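# Reading the structure
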Amino acid sequence: MTSEQKQLVKDTVPVLKEHGVLLTSHFYARMFQYNPELKNIFNMGNQQNSKQQTALAMAVLMYAEHIEDPSVLLPMVDGIGQKHTSLDIRPEHYDIVGRHLIASIKEVLGIAASVELLDAWTVAYNQLASLMSGREKELYKKHNEQKGGWSGWRPFVVKQKVVESTEITSFYLYPADGGSVESHLPGQYISLRLFLPELQLLQPRQYSISCKSNSEYYRISVKKEVGSKHPDGMISNRLHNHITEGSIVELSAPAGTFILNESTLAHKVFIRGVLDRRRFCR
Ligand SMILES: Cc1cc2nc3c(=O)[nH]c(=O)nc-3n(C[C@H](O)[C@H](O)[C@H](O)COP(=O)(O)OP(=O)(O)OC[C@H]3O[C@@H](n4cnc5c(N)ncnc54)[C@H](O)[C@@H]3O)c2cc1C
Ligand code: HEM
């Protein structure tokens, strides 16, 4: 990237930030119009209730702000990489996102979007995409090399469904291929994917693993999200109401860096919610 290109990118950040909501909604509408298959990857619940909707575009803008020293953003790249790999996001997806993001910048900026400016943004995006997909490639490789590990989606059978309380039900998930599972650290989550007939889409959600690491199964404990003013949560209600013992769900490998450091356990305070502590991590 030339220093002129870096300056052009930095100069546009304030105006794009100011129109952040417009940019984000334009970007998502455009992407889902031209590439509707991506609706199977994104959380369409988030799209409706606007949670997280701005995360992707805002992270790109933050990167643009630090274009002189992108290393500042390395911890962020790591965290996003965990989420991305748990959703099976691959390099080809970066090309699609890049195309729609640059086109959205052009459409939002209007006549202010010169060819030089859009070229500079394309170089900047490609640089970030290559940094991120490079890190994600390493994470996929690590999963593939672990005992019981895998990358992408793997079918699991619900062997046991245990009602813990009026709101929470636990699901014991064993690999449908009869193999072993990758170990996990306390605090890590899996992504679970189900087909939703009402949307005619696959939809992923994240659930913390609520059992001790073992080579046979994962347990997740899911709160039924009942909407009093809004529609009920889609996946949690499908899990509670339609997924039974013997059903198949798809999981990605354990992810997440928000983990319990067991060496400093003595200083931690645990606050119990709806699950009985004796049942947690047995
Ligand atoms: C790292 C991580 C770990 C997690 N671990 C757990 C866990 O261990 N257990 C657990 O139960 N959950 C966990 N979650 C949350 C989980 O991933 C899901 O978000 C949750 O189950 C709700 O998904 P859903 O499909 O049922 O709801 P969605 O359909 O995604 O809806 C989300 C919420 O929005 C409301 N809503 C729906 N439509 C609208 C609207 N139009 N306007 C406003 N609100 C609306 C719904 O009622 C619901 O409460 C975790 C999330 C993350 C990111
Ligand atoms: C340079 C490009 C990208 C940046 C900066 C970026 C940034 C982010 C950020 C900050 C999050 C939130 C992370 C979290 O919650 O922990 C996120 C989540 C996510 N990203 Fe990306 N991302 C990029 C590319 C992509 C691509 C190529 C795809 C796939 C098409 C993608 C799909 C998702 C999905 C599905 C989520 C989860 C949130 C949701 O479902 O709405 N991202 N990304």
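Before any of the text, the structure's been laid out above.
The next thing to look at is the site of ligand 1. The environment of ligand 1 is formed by 20 residues, the closest being Gln206, Tyr207, Lys223, Pro231 and Ser236. At 2.7 Å from an oxygen atom of ligand 1 is found a main-chain nitrogen or oxygen belonging to Lys223. In the environment of ligand 1, a nitrogen atom lies 3.4 Å from a nitrogen or oxygen atom belonging to the side chain of His230. A total of 970 Å² of accessible area belongs to ligand 1 in isolation, and the protein chains cover 73% of it.

On inspection of all chains with the given rule, the structure shows nine aromatic pairs. For the ring pair Trp150 and Tyr218, a centre distance of 6.4 Å and an interplane angle of 40 degrees mean the geometry is tilted. A residue pair is termed long-range when its members are at least 10 positions apart, and Trp150 in the loop between helix H7 (115-145) and strand E1 (154-163) and Tyr218 in strand E5 (residues 218-223) qualify at 68 residues. Given the relative accessible area of 7%, Trp150 is considered buried. Joined through ring pairs, the aromatic side chains of Phe27, Tyr28, Phe32 and Phe42 make up one cluster. In this structure, Arg90 is placed above the aromatic ring of Tyr140, and the distance from its NZ or CZ to the ring centre is 3.8 Å. Over the ring of Trp150 we find Arg154; its NZ or CZ atom is 4.9 Å from the centre of that ring.

Cut-offs applied
- Residues numbered from 1 in each chain as written.
- Chains lettered and ligands numbered in written order.
- Predicted model: local features only at pLDDT ≥ 70, side-chain atom pairs only at ≥ 80, totals over all residues.
- Heavy atoms only, no water.
- Near = heavy atom within 4 Å.
- Polar contact = N/O pair within 3.5 Å; in protein donor to acceptor, adjacent residues only side chain to side chain.
- Areas by Shrake-Rupley, 256 points an atom, 1.4 Å probe, with all protein chains shown as cover.
- Phe/Tyr/Trp six-rings, centres within 6.5 Å; stacked < 30°, edge-to-face > 60°.
- Helix = DSSP H or I, 4+ residues; strand = E, 2+ residues; numbered from the N terminus.
- Buried < 20%, exposed > 50% of the residue type's maximum accessible area, 1.4 Å probe, protein only.
- Lys NZ or Arg CZ within 6 Å of the ring centre and 35° of its normal.

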